[in-house]
Each structure stands twice: as C-alpha cells, then as structure tokens.
Amino acid sequence: MAGPFLTTFPRRRRILAGPLFFLFIWALLPIESFNPPRRLLFGITAALGRDARTDVLQFVDPLIGTVNGGHVFPGATLPYGMAKPVADTNNRGEAAAGFVSDDSLITGFSQLHDSGTGGSPSMGNFPLFAHPGCPEDDFTKCSYDAAGRATPRVNGSATARPGYFAIGLNNSVYAEMTATAHTSLFRFTFPSEAEVTYLSAPSADGVVQQTVPNSPLVLMDMIDLGGTRSGGSIKVNSTTGRMMGGGGFRPSFGQGQYDAYFCADFRGAEIRRTGVFLRTNITDGAQALGKLYSDDPIPQGSVGTWLQFTKAPKNQILARVGVSFISAAQACENAEREIGDFGFSKVVAAAETAWRDKLSVIRADHAGMSLDMLKTFWSGLYRTMLSPQDYTGENQLWESDEPYYDSFYCIWDSFRAQHPLLTIIDPETQTDMVRALIDIYKHEGKLPDCRMSFSKGYTQGGSNADVVLADALIKNLTRGIDWELGYEAVVSDAEEEPTDWSVSGRGGIDSWRTLGYIPVDDDDRKGVGPLSRSISRTVEYAYDDFTIALMAHRLGHKGDEAKYLKRSHNWRNLWHAEQDDHYRDKATGKMAGSAFQGFLQPRFSNGTFSEQTVRLCSPIHEQHVCYFDTRYSTYEGSPWLYSFYVPQDMASLIGLMGGPARFVERLDYFHASGINYMGNEPNFLPTFQFHYAGRPGRSAHWVHQYIPSQFNSSVAGIPGNDDCAMGAFSAFAFMGFFPVAGQDVYLLTPPLFREVSVRTPDGRRWATLRNANFDPAYAAGRYIQSARLDGRPYTRNWIAHDFFTRGGVLEFVLGPKESEWGTRKEDLPPSLSAGTT
C-alpha cells in the first residue's frame, strides 16, 4: 500500500574509508560474520540438483526489496517476531523499514520495525549507536543526535540472512545483530589498536581523517524513525550500565498513540563514564531524564543515555536490548529470560532453526533452476512470515487469553495472497491471527482493515478482514476460533456504520442498502470518512458481502445468505456500458486510448453517471493521485483495474465485456499496454483471470512475463511495497496455483519447478504438483496439455483446498503451445451467475 497524502512516487560519491583497514578488522571476526560480497553471487546460474538435505536458508536473501520502494525489513528476526533490529538510514523517502541498500548514512540500530509498508517510516524505536572513541578522549566531542552521528557504511559490507544482520561503518565499527522473540542482541567489533583512525562523516568541514583513543562509547536514543515520540523517561545505572526507558509514539498510517519500552545491558569492557544527552547537550552529571526517573522532562528529538568503556579486551562489546509494550521492567524480564548468557552464536543458530522449521513445509526440486530463481522463491516465502507480528503477552490495551497479533499493515494488501498462503503453509499461525482479529472486534467493536502499533490504521477500501475470516472458515480453520463471534463481527461490518469509518468498518451503509452502490456524491451523516473511492469501495463491499454469504451458508444463517448474495451483485450498478477508454496524453497533448468500451464508473445518487478517466491512477495516466487523500473514485488503481474485480461472478463480467474472446483480448491489453502495475496487490488476481474465460495458458504466459522481470533476486527485485504480500504472489506463481481469496478455489498454472510439494497440516502427507516433462528454460513446456490427479485425468483449471489437507499428486504434461486443457465450460472456476459457486 502507499501511504496517506503522497503526491510523488513513493519509491525511487561514495567515500572510500580505509578499506584495507576494514578488511583487516573483518578478517578477525568469527566465522558467522563472514559472507562473500553479494555481487559475486548475483547473476550466477547453474544446474543445482538438490536433495532433501539442502539447507534452503542459503537461498534466502533478506536484502531483496530494500530499494525501489520495496521497503523490506532485512534485519534479524524470528518468524512473526516482535524484536526486529537493523541498521537505520537517513534516506527518509525509502527507510520505512529502517535500512536501504544505497549509500545513505547509518543513523543507528533500532529495535522495532514493520516490513514492506508504504508512506511514512514505521517504528524504528530506540536506536543504539557505537563510536570507537571520542576526539581527544572528550565524551562531549562525540556526536549524539541522529543527524550529527550519521555515518557512511563500508560499501558492500551489508550482510543479511534469516536471524542475522551485519554492516561495517566507516568509523571502524562492525555491527552485528540477531534476535529472539522480544530481545535484540548486538555484537560491536572495534579495532585492536590503542588509537583508531578513520574518516569522519561528511560535514560542513568536509570529510576529514581523525584519530581517537580506543575507548568505545555506546548511546541509546529515544527517537523513532518518524520522530513521533512524546514524553517518556530514560536512565542509566552508572555501576552496571543497564539502561531502561520508554515513551509514547504515534503510528505511521493511522490514529492514536502507543507506548514502547526497552531494557539494555552490556558486556565486554569496563565502564568508564555514563551520562545523558539532550540533542547536542551532553553531560555525565546526570544519569536519568523524564518524570519517571528524574525531575527533568524529556523534550522531543534525540534524547538518551550513553556509556563509555575502556578498550574492550577482546575488541567486542555485546549489547542486549529487551523490548516490551507493557513496561521497562517487562522488557528486562524478556531479555533475561530469552538471552540469559549473551551467547551470540547460540541465538543466531536458534533463529536459523526457527526459520528452517517454518520453511520445511515446502519441498522443491531445484534441478535446473538458476540461483536467481531459487533466491526469488525462497526469499519471497520468507518475507511472508515477517508480519503480522506476534505481540501475545504484550497487549497494552486489554487483558485476554487470546493470541494478539499486530502489524496487519494492511489487510487491504494481505488478504489477497499472504493470508491464503499462510492458511496452507502455516495454518496454526493463521488460526492465531484469525483469533486475534476476532478478539480485536470483541474489545474495540470492529474488525480492522489496517492495524499497526496497537492503533487503528486507515481503511483503504472495503472491510476486507471479512474476506480473511471467510477464507479461514471455508478452509476449516477451527482450533479455538469462536466462529459465532467471528460471524457477528463480519455482520457488524456489513450493517453497522461506525462514527469514524476512516479507520474501521464501512461508510455509506444507508446508500449501500437503498441504492445498491456508493454514490460519488454520497451524503453520509452517520459517520465520518473520506467521501471518495466510490468505485473501489463499491466493488470491495460487494465482494465482502459475497464472502459473508459464504460464511452464512456454512454457519446455517440461510436468511443472511440470501441477503448478502443479493448485495454481492451491487457492483453491476456502477457498470457503464457506453464508457470508452480515452485520455489526453500529457506528452503529446493529443487524445489517446483504445477501442474497448464498458467500464465501472462513478454514479450520482440520482442514478446518472459521473466520469473518471478509465486510465487515471495507472502508470499510463496520473498514477499518483489516488492515495488515501484522493478526491477520485478509485484507490491506488484505475477503473481499468477495478473493472476486473468481480471474483464472485466472473461469468457475468465476461458477458458484459463481450464474451470470452473479447474478455481475453481486453485482459491481454491491460497487461501489455502498461496500464497494469504489479507493485500493488489488487493487480495480482488479473494475472490469473484468463482461467475464467477458458484460457489458462494466458495466465501462465503472464506469470512468465512478470517473473523474473519484476520479481527477481536483486535488491530492487520486487515492483512495489512488499507488504509481506509480494512474496506471496511470487511463491504461489512458483508453486503453480493462485488463490481466489475468500473462496475454495486455486487457479492452476504450471509450477516453475519440476516438482514442488506442500506438507499437509497433520505433517504426515504431501500435496505435490509435478511437471512430467519439465524444461527449466521454459521454452518447450510453458503450457499445460493434460493433467492427472492421483493417476486419474483431471481437466478442471482450478483445484480446491482439500488437495492441500489430504495430500496427493497433481501431474502436468506440458507443451510449447496452449491446448484444450481447462477450456471447457465445466472446467472453469466457480461463478455466481453460472450457478457454480
């Protein structure tokens, strides 16, 4: 998703500082610190025959998506972990997750992050920073505030793998970090010499060489990436060196405030001095700030505590930072419980084991696959388990025995692919997430459409948690889920308008009931929210209601089922059969477009149509005018895009578009013309919607157009904000099926592996998709010619969820051209008007 109020594209001289000296220091590091430069790995392609013992972690590159607007968190974390340490940079436009793979300066190493989000930087609380010493051994001459301490990195030194991140700074410090669930562990390595010489960070005086005594100084700053902190307290114990503190912060895409706390302990050298700093004012005459620990209030900006050490006997200082959303005392308890002995290598190994276990549910035949493709697949799969984050036991808002997950950021992005993927590969965690969503409803009165940092995030379209719950119910997730309460929650979305529907629920419910659409001139007096996005809200409300109908059917609410099925047809009320495709090309000043006619259009409450240029909000025409503050009728996409969003009744839509052949022609044009933008999640499903017109081969064709051109293993290897969903798209495409979220339907295409298997939830069987005549160059075998399921002919171009719960083998015979497979009417996916849903 893109953040609020963006009016520019949300994505898009180096200093050689003692490289020989740095390499000398690097050579002294323990073995887990070493990783060959990434540039030596990129571009390598070879036949990699792998067996079941292959460690797939070697194919996970967390740095993918750390430029080009991907905003991926590449630091150390456990699956769904709360503690997320990484190096933060001063590239504010790209640093939503802290780190950016460019030449921006490093400002610190903070403890909490979100991954893949758009808009403003998120979290980044409590950064540490390490100096090798201070000029003239005067602690007041070190740099403390974020701007002053910002330091160049050693080019090419960033190393990331599951559970581990490291980077070298031009000030001679090498920083490594790992994590447990609620605790970060840092290892700072310093030179062995008594004096350290390095190049200073760029300043008004330029870049100068300076020499300092080897007496490391480590500081803890109270800021976050967005500079949102208010109030708080912090202290340092001058004897033990323990730092404790916390403050209030604001979310990056929502309303409200949250509290966060830390507890830091250090090992490796004797303490010389301790003190506090307020921006550029530094003293060793005070050891605390803030009303909790002193009489001195804390202003905004860089404020914190510091420790200066003697030269470290083993040239390393360890810093353990526990975090909590309850209290600093609980942060200390978390740290002491999870990392009692400061064993860095042990924590790294435990994190690797956790990730290896999560990824072990997938087995893929790597034979013939390039390193680029393997890294694209496994890294994407890895990113789907960075968020939502497990904050169970850290809920600062209410007491509950239910799991609590946060950073549903945003469900508008994740419901389409990520949550359906987790239902297959990690149903236990997905079950806990569903329980958390229902518990949020129980205590706050609405399901979230977006949520971060215990705060209500902005609603981007419909009430799409409805789809997440429906998807889980239909696919038989049951453990501990109160489905009657869950059903109450989705009905509340459909029937009860909140006073502020910009952060939960739906707006315009009276119009939805009486008119059957959201009018462009809606006069909503029941609640407040942006009176815009009438097209995208209408089609999403319609599909949300369809999934509620499926829940009603499963739970025996027959009257509700009929009501919501009827409302699911409301998208048709915005279909304008005469609307054509034209726009004024800004480059030429001339009118341009295509011959296609019939699109969704905004409509007034009196029934007459308004008009929105059907390419508006696409890469072709004014892409960046449809964010949360838009005045237009679509959100982060064009009427061209939203005119395809009828997953409940594609047969009806295909009829309105002129029949299967004309539909395929139109959908091909959408992809080929540049109107489609794969950097946003609503654009995923149209890649596979050729299935509904009996042309599954065209879906396979477009999968190959997007992988690896837009999804690959470079640092720019995803086309937009990751949202933990871009990796789900590529993972599904590699495995050969894609979900229609909220339905028991997966659309089939040939896997990009010879064979891939998914372990069933009981852990005893495997669901295997196999290409009988696989061509790793994809030249001789890109299209399905025939299929057999457990040895019997299988002609449907889709499959149901029970394949992944009971296991089996689905085998494809491939060929270089499209075939008749999956083209008959009875082989098409379900559709409401065809009576097959």
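Residue numbers here run from 1 along each chain, matching the order of that chain's written sequence. In view of the model being predicted, local features appear only for residues whose pLDDT reaches at least 70, and side-chain atom pairs are presented and counted only at 80 or more, with totals across whole chains, interfaces and linings using the full set of residues. Heavy atoms throughout the structure, all of them, feed into the side-chain values; hydrogens and water do not.

1. Let's talk about the overall build of the protein chain
Inclusion rule: Strands here are runs of E lasting at least two residues and helices are runs of H or I lasting at least four, both read from the DSSP assignment and numbered beginning at the N terminus. Note that the radius of gyration is over C-alpha atoms, with the globule rule given as 2.2 Å times the number of residues to the power 0.38. Exposure categories follow from relative accessible area, calculated using a 1.4 Å probe and restricted to protein chains: below 20% of the type maximum is buried, above 50% is exposed, and the middle band is partly exposed.
Counting its regular elements, the protein chain contains 19 helices and 34 strands. Against the 2.2 N^0.38 benchmark of 28 Å for 837 residues, the protein chain shows a C-alpha radius of gyration of 27 Å, consistent with a compact globule. On the principal axes, the C-alpha backbone points of the protein chain span a range of 80 × 60 × 60 Å. Scored against the burial criterion, the 837 residues of the protein chain give a buried share of 65%.

2. A few points about empty space enclosed by the protein
Test applied: In this analysis, the protein atoms alone were mapped onto a 1 Å grid. Cavities are point sets where a 1.4 Å probe fits without being able to get out; pockets are open sets with protein on both sides within 12 Å along at least five of seven lines; lining residues have an atom within 4 Å of a point. Grid points are joined across faces, edges and corners, and a volume is the space filled by probe spheres set on the points. For this classification, the nonpolar set comprises Ala, Val, Leu, Ile, Met, Phe, Trp, Tyr, Cys and Pro, the charged set comprises Asp, Glu, Lys and Arg, and every other residue, Gly included, is treated as polar.
Approximately 120 Å³ is the volume attributed to the second largest cavity. Phe 415, Arg 416, Tyr 645, Leu 685 and Ala 741 are the residues nearest the centre of the second largest cavity, which is lined by 13 residues in total. Along the lines of polarity and charge, the residues of the lining of the second largest cavity split into 11 nonpolar, no polar and two charged.

3. Comments concerning the pairing of strand β31 (residues 783-789)
To keep it simple, the criterion reads: Strand pairing is assigned whenever DSSP identifies at least 2 bridges connecting the two strands.
Looking at chain direction, β31 and strand β34 (residues 808-815) are connected through six bridges and run antiparallel. Bridging across to β34, Ala 787 finds its partner in Phe 812. Hairpin geometry of β31 and strand β32 (residues 792-793) is characterised by an intervening segment of two residues between the two adjacent antiparallel strands and by a positive phi of about 50 degrees at Asp 790.

4. A look at the nonpolar core
The following threshold applies: By convention a nonpolar core is built from buried Ala, Val, Leu, Ile, Met, Phe, Trp, Tyr and Cys residues, the set being connected through side-chain atoms within 4.5 Å. When checking whether two residues touch, look at their non-hydrogen atoms; a contact exists if any pair is within 4.5 Å.
The biggest cluster of nonpolar side chains holds 154 residues, and the ones touching the most others in it are Ile 362, Trp 378, Phe 663 and Leu 810. Ignoring sequence-local partners within four residues, the contact set of Leu 810 consists of Leu 748, Thr 768, Leu 769, Arg 770, Ala 787, Arg 788, Leu 789, Tyr 794, Ile 799 and Phe 803.

5. Structural notes on the packing of helix α9 (residues 465-474) against helix α12 (residues 534-555)
We apply this condition: A fitted line through C-alpha atoms serves as each axis, taken over the contacting stretch for helices, and the angle formed by two N-to-C directions is quoted from 0 to 180°. Helix crossings get a hand from a simple test, with the near helix turned counterclockwise from the far one by less than a right angle marking a left-handed crossing and a clockwise turn marking a right-handed one.
Orientation of α9 relative to α12, taken along the N-to-C sense of each, is 35 degrees, at an axis distance of 9 Å. At the point where α9 passes α12, the crossing takes the left-handed sense. Of the residues in α12, those in contact with Asp 466, Val 467, Leu 469, Ala 470, Leu 473 and Ile 474 of α9 are Tyr 543, Asp 544, Thr 547, Ile 548, Leu 550, Met 551, Arg 554 and Leu 555. Taken together, the residues that form the contact of α9 with α12 break down as 10 nonpolar, one polar and three charged.

6. Let's talk about the state of the cysteines
Applied cut-off: Disulfide: a pair of cysteine sulfur atoms within 2.5 Å of each other.
Counted by the stated rule, this structure contains four disulfides. Note that Cys 263 is cross-linked by a disulfide to Cys 332, the S-S spacing being 2.1 Å. Handedness here is read from the sign of the S-S torsion; for Cys 263 and Cys 332, about 95 degrees, the answer is right-handed. Linking Cys 263 in strand β14 (residues 258-267) with Cys 332 in helix α3 (residues 328-338), this pair joins segments that are 69 residues apart in sequence. Neither residue differs from the other here; Cys 263 and Cys 332 are each classed as buried. Each sulfur of the disulfide joining Cys 617 and Cys 626 lies 1.6 Å from the other.

7. A closer look at the packing of helix α10 (residues 483-495) against helix α13 (residues 558-567)
Put simply, the rule is: Comment on the angle field: the value is read as roughly parallel under 35 degrees, roughly antiparallel over 145, roughly perpendicular from 65 to 115, and oblique elsewhere.
Across the interface, α10 lies against α13 with an axial gap of 13 Å and an inter-helix angle of 45 degrees. On the basis of their axis angle, the class for α10 and α13 is oblique. The two elements α10 and α13 meet at a crossing, and its hand is left-handed. Each of Tyr 487, Val 491, Ala 494 and Glu 495 in α10 lies in contact with α13, whose residues at this interface are Asp 560, Lys 563, Tyr 564 and Arg 567.

8. A word on the confidence of the model for the protein chain
Rule in force here: Scored between 0 and 100, pLDDT is the confidence that the predictor attaches to each residue.
Of the residues in the protein chain, 93% have a pLDDT of 70 or more, and the chain-wide mean is 93. Here residues 2-28 scores under 50 on pLDDT; set against residues more than four positions off or in separate chains, the count is 66 contacts. Across residues 30-52, confidence stays below pLDDT 50; counting only partners more than four residues off in sequence or on other chains, it has 42 contacts.

9. What about a negative patch on the surface?
Note the cut-off: Here the term patch refers to residues with relative accessible area over 30% and no salt bridge, with like charges joined within 9 Å and nonpolar side chains (Val, Leu, Ile, Met, Phe, Trp, Tyr) within 5 Å. Accessible areas in this description were obtained via Shrake-Rupley with a 1.4 Å probe; residue shielding takes into account the shown protein chains only. For salt bridges, the criterion is a side-chain nitrogen of Lys or Arg within 4 Å of an Asp or Glu carboxyl oxygen. Under the convention used here, Asp and Glu are negative, Lys and Arg are positive, and both His and the chain ends fall outside the count. Throughout, a charge is located at the NZ atom of Lys, the CZ atom of Arg, the CG atom of Asp or the CD atom of Glu.
On the surface, Asp 482, Glu 484, Glu 488 and Glu 496 cluster together into a patch of negative charge. Within the secondary structure, Asp 482 sits in the loop between α9 and α10. Look at Asp 482 and you get partly exposed, because its relative accessible area is 41%.

10. Looking at unusual backbone geometry
Across the junction of Ser 387 and Pro 388, the peptide omega takes the value -5 degrees, indicating a cis bond. When you line up the elements, Pro 388 lands in the loop between α5 (371-383) and β21 (389-390). Here the residue pair Ile 707 and Pro 708 is connected by a cis peptide bond, since its omega of 10 degrees sits within 30 degrees of zero. Looking at the secondary structure, you find Pro 708 in the loop between α17 (696-706) and α18 (726-735). Even without being a glycine, Phe 342 presents a positive backbone phi close to 60 degrees. Within the secondary structure, Phe 342 is located in the loop between α3 and α4 (344-359). Given a relative accessible area of 7%, Phe 342 falls into the buried group. Backbone geometry at Asn 476 places phi at a positive 65 degrees, although glycine is not the residue there. The topology assignment puts Asn 476 in the loop between α9 and α10. Take Asn 476: its relative accessible area is 52%, and that puts it in the exposed class.

11. Quick look at the sheet that holds strand β7 (residues 183-189)
Spatial ordering of the open sheet is given by β4-β5-β6-β7-β19-β14-β12-β11-β17, a layout of nine strands whose pairing is antiparallel. For this open sheet the edge positions go to β4 (159-161) and β17 (288-289), each flanked by a neighbour on one side alone. Here β14 runs beside strand β19 (residues 316-324); their pairing, made up of seven bridges, is antiparallel. When the sheet's bridge partners are listed, Ala 264 is paired in β19 with Val 321. Here α3 sits on the sheet and contacts β7, β12 (243-249), β14 and β19; the angle it forms with β19, its principal contact strand, is near 125 degrees. On the sheet, α4 packs against β4, β5 (164-168), β6 (174-179), β7 and β19 and is oriented at approximately 50 degrees with respect to β6.

12. Considering the pattern of salt bridges
Under the criterion given, the structure shown has 45 salt bridges. Arg 161 is paired through a salt bridge with Glu 352; the nearest N and O atoms lie 3.2 Å apart. Placement of the pair is Arg 161 in strand β4 and Glu 352 in helix α4, with a sequence separation of 191 residues. Note on Arg 161: relative accessible area 19%, which makes it buried. In this structure, Asp 523 and Arg 525 form a salt bridge, with 2.8 Å as the shortest nitrogen-oxygen distance. Here Asp 523 and Arg 525 have matching classes, each one exposed. Through salt bridges with shared partners, one network takes in Glu 495, Asp 510, Arg 513, Lys 526, Lys 563 and Arg 567.

13. Some details on the environment of Asp 341
Quick reminder of the rule: Polar contact criterion, stated in full: a pair of N or O atoms within 3.5 Å, where within protein one must be able to donate a hydrogen and the other to accept it, and residues adjacent in sequence count only if both atoms are side-chain atoms.
Examined against the element boundaries, Asp 341 turns out to sit in the loop between α3 and α4. Distance from Asp 341 to Arg 320, taken between C-alpha atoms, is 10.0 Å for residues 21 residues apart in sequence. For Asp 341, the side chain forms a polar contact with the main-chain nitrogen of Gly 343, separated by 3.1 Å. Of note is the side chain of Asp 341, whose polar atom sits 2.6 Å from the side chain of Lys 346.

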